[in-house]
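# Understanding the architecture of this molecule
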Amino acid sequence: MTLAESVDERALSTLPDHVSALVALPGEPGYERCTPWNVAVPVRPAAVVFATSAHHVAEAVRFAAAHGLKVAVQATGHGAVPVGEDAILVQTGAMTDCVVDLQTRVARVGAGARWQHVLDAAAPHGLAPLCGSSPSVGVVGFLTGGGVGPLVRSVGVSSDYVRSFDLVTGTGELLHVTPEAHPDLFWGLRGGKSTLGIVTAMEFELLPVSEFYGGALYFDGVDAPAVLRTWQEWSLSLPETINTSIALQQLPPLPGVPEPLAGRLTVAVRYTALDDFAEGAALLAPIREAAMPILDTVGVLPYAAIGAVHADPVDPMPCHEGQVLLGEFGSEAVDILLAAAGPGSASVQTVVEVRLLGGAMARQAEHSSAFCNRQAAYAVTTIGVPMGPAAELVPAQARALARALQPWSTGGLLPNFAPAADAARMARVYDEDTRHWLATLADRYDPAGVLKTGQAVRFSA
Ligand SMILES: Cc1cc2nc3c(=O)[nH]c(=O)nc-3n(C[C@H](O)[C@H](O)[C@H](O)COP(=O)(O)OP(=O)(O)OC[C@H]3O[C@@H](n4cnc5c(N)ncnc54)[C@H](O)[C@@H]3O)c2cc1C
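Residues numbered from 1 in each chain as written. Predicted model: local features only at pLDDT ≥ 70, side-chain atom pairs only at ≥ 80, totals over all residues. Heavy atoms only, no water.

Here is the rule: UniProt positions are given in the numbering used here, feature names are shortened, and annotations may be inferred rather than shown by experiment.
Looking at an unreviewed UniProt entry, the protein carries the name FAD-binding oxidoreductase, with the source organism given as Mycolicibacterium diernhoferi. The UniProt entry for the protein carries this comment under Cofactor (unreviewed entry): "FAD". The UniProt entry for the protein carries the following text under Sequence similarities (unreviewed entry): "Belongs to the oxygen-dependent FAD-linked oxidoreductase family."

## Things to note about the overall build of the protein
So the rule is basically this: Counting from the N terminus, the helices are the DSSP runs of H or I reaching at least four residues and the strands are the DSSP runs of E reaching at least two. Only protein chains enter the accessibility calculation, which uses a 1.4 Å probe; a residue is then buried when its area is under 20% of its type maximum, exposed when over 50%, and partly exposed in between. When checking whether two residues touch, look at their non-hydrogen atoms; a contact exists if any pair is within 4.5 Å. Method for areas: the Shrake-Rupley scheme with a 1.4 Å probe, in which residue coverage is limited to the protein chains shown.
A tally of regular secondary structure across the protein gives 15 helices and 17 strands. Considering only C-alpha atoms, the protein reaches an extent of 65 × 55 × 40 Å along its principal axes. Going through the 461 residues of the protein one by one, you find that 56% of them count as buried. Here the contacts in the protein between residues at least 6 apart in sequence split such that 73% fall between residues at least 24 apart. Accessible surface computed for the protein: about 18300 Å², of which carbon and sulfur atoms make up 55%.

## A few points about the environment of Ala 113
You can see Ala 113 is positioned in the loop between strand S6 (106-110) and helix H5 (115-122). Excluding its chain neighbours within four sequence positions, the residues that come into contact with Ala 113 are Met 95, Thr 96, Asp 97, Gly 138 and Val 139.

## A look at a negative patch on the surface
Stated precisely, the cut-off is as follows: Each patch is built from residues that are more than 30% exposed by relative accessible area and take part in no salt bridge. Like charges join if they lie within 9 Å; nonpolar side chains (Val, Leu, Ile, Met, Phe, Trp, Tyr) join within 5 Å. Salt bridge criterion: a side-chain nitrogen from Lys or Arg within 4 Å of a carboxyl oxygen from Asp or Glu. A positive count includes Lys and Arg, and a negative count includes Asp and Glu. His and the chain ends are not counted in either. For this purpose, a charge sits on NZ of Lys, CZ of Arg, CG of Asp or CD of Glu.
Together, Asp 8, Glu 9, Glu 85 and Asp 86 make up a negatively charged patch on the protein surface. If you trace the backbone, Asp 8 turns up in the loop between helix H1 (3-6) and helix H2 (9-12).

## A word on the pattern of salt bridges
On inspection of all chains with the given rule, the structure shows 12 salt bridges. Between Arg 374 and Asp 160 there is a salt bridge whose closest N-O contact spans 3.0 Å. Here Arg 374, found in the loop between strand S16 (351-356) and strand S17 (378-384), pairs with Asp 160, found in the loop between helix H7 (152-155) and strand S7 (162-168); they are 214 residues apart in sequence, far enough to count as distant. Residue classification places Arg 374 among the buried positions, given a relative accessible area of 4%. Three or more residues are tied together by salt bridges with common partners; here these are Arg 270, Glu 353 and Arg 355.

## Some words on helix H13 (residues 393-404)
Quick reminder of the rule: One less than the number of residues in a helix, times 1.5 Å, gives the span that helix is expected to have. Comment: arc refers to directions from the helix axis out to C-beta atoms.
In this model, H13 (12 residues) spans 16 Å end to end at C-alpha, consistent with the 16 Å of a helix rising 1.5 Å per residue. Looking only at H13, the buried set comprises Val 394, Pro 395, Gln 397, Ala 398 and Leu 401. When H13 is viewed along its axis, its buried side chains cluster within an angular range of 165° and face the same direction. On its buried face, H13 is in contact with strand S15 (320-326), helix H12 (331-341), S16 and S17.

Below is the structure:
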């Protein structure tokens, strides 16, 4: 469908008169700044509103409602889903305010803050924000999807630490959402992504953690069978003070990738331990003995270095993600993983990761939320670059691995990983009650369906 067929172009050209923020229409300077971090995802909205305040967001939503358009939101584009000409994109990337209250140990951030902003503000004071593996990821996108970070077994799901949201609803109303004021929205915004509105600011607790024991042990790809088998057995007995994942990696020879890891198959065992560092060091011994590491970054590290555990890529890239949640990860599943991504496998995935879940993640928090699938024991995630000859192969191999692991799959998925808008995925991200409640609340707070785009949960039709 062309723009002329889908949207009243004349109406759209009046958008800058109704929104006090910078606006870019297709072809205008700045429009290209809506390109997401995941450059493989087509983000081509009818217009981009570069919001710097909650009012800009509300103005964009009211304009869209009045003209039969939708509104999508993007901070960094790490979790991008396609955006087309039926939507205005609210780009929040400039709303990077971050204030830390040292007395109450609470951070307040704007919609565009990345975890790095919070780490910079909090870590020098011995306070830890519960970020994910990559400090470049947006705080609001991460926390509205629950947030499963490198300490999830020890501290639980990050969104359980949220205190409040400032929200623009689908009618353009501005609300301050807490467990007491608007408890329905407080429930749904933690896990429901942008289904119930656009968050313009939020507050969450910081933990008094200044250091951790951890990092990563890297092994040559030929040692993948020994290390993966050891990791599988070892992971069954770990206390919840220990967090770990293992990744079969084929990292490209690019700046920032350490020479011993570039251009070949390697294995990374990521590890974090809180509290008793001596115990943390002792518990890692079986992995150290599984094979000779080619690189060892494990030690007592300042919390500010939490991003070094996974060492995720920083620069924008084309990316395909697949994920399957498992109830168990036994020796048969190890064989399947090695056949799919081990030595001689012809895998085109950049990373095939198994993350140990469980521990505090499985426990409900004081305030229940729309985040489901807490009971999963492991998450298997594939990340590949769907370009050139691998364009078809990357998703095909990811699907094949998910199929092969099906016998141990919980059937669930996490809202933050492998983002997509299709209804079949939503039915796996949320249980039936949660889906029903989210859709009911969405109808209440967004009766015109302005936010019915991307990963929003709505009744169909
Ligand atoms: C390298 C990498 C590492 C990652 N590591 C982890 C990890 O360890 N744990 C984990 O849980 N996830 C992880 N993720 C997934 C990440 O948390 C999600 O993709 C998250 O949605 C990214 O948020 P963003 O704002 O950066 O991305 P964006 O693409 O800008 O936003 C993604 C989505 O978040 C929602 N959203 C963003 N802003 C708002 C807003 N203001 N109001 C309401 N909804 C909003 C929308 O649904 C939007 O489509 C990782 C992703 C990458 C690429």
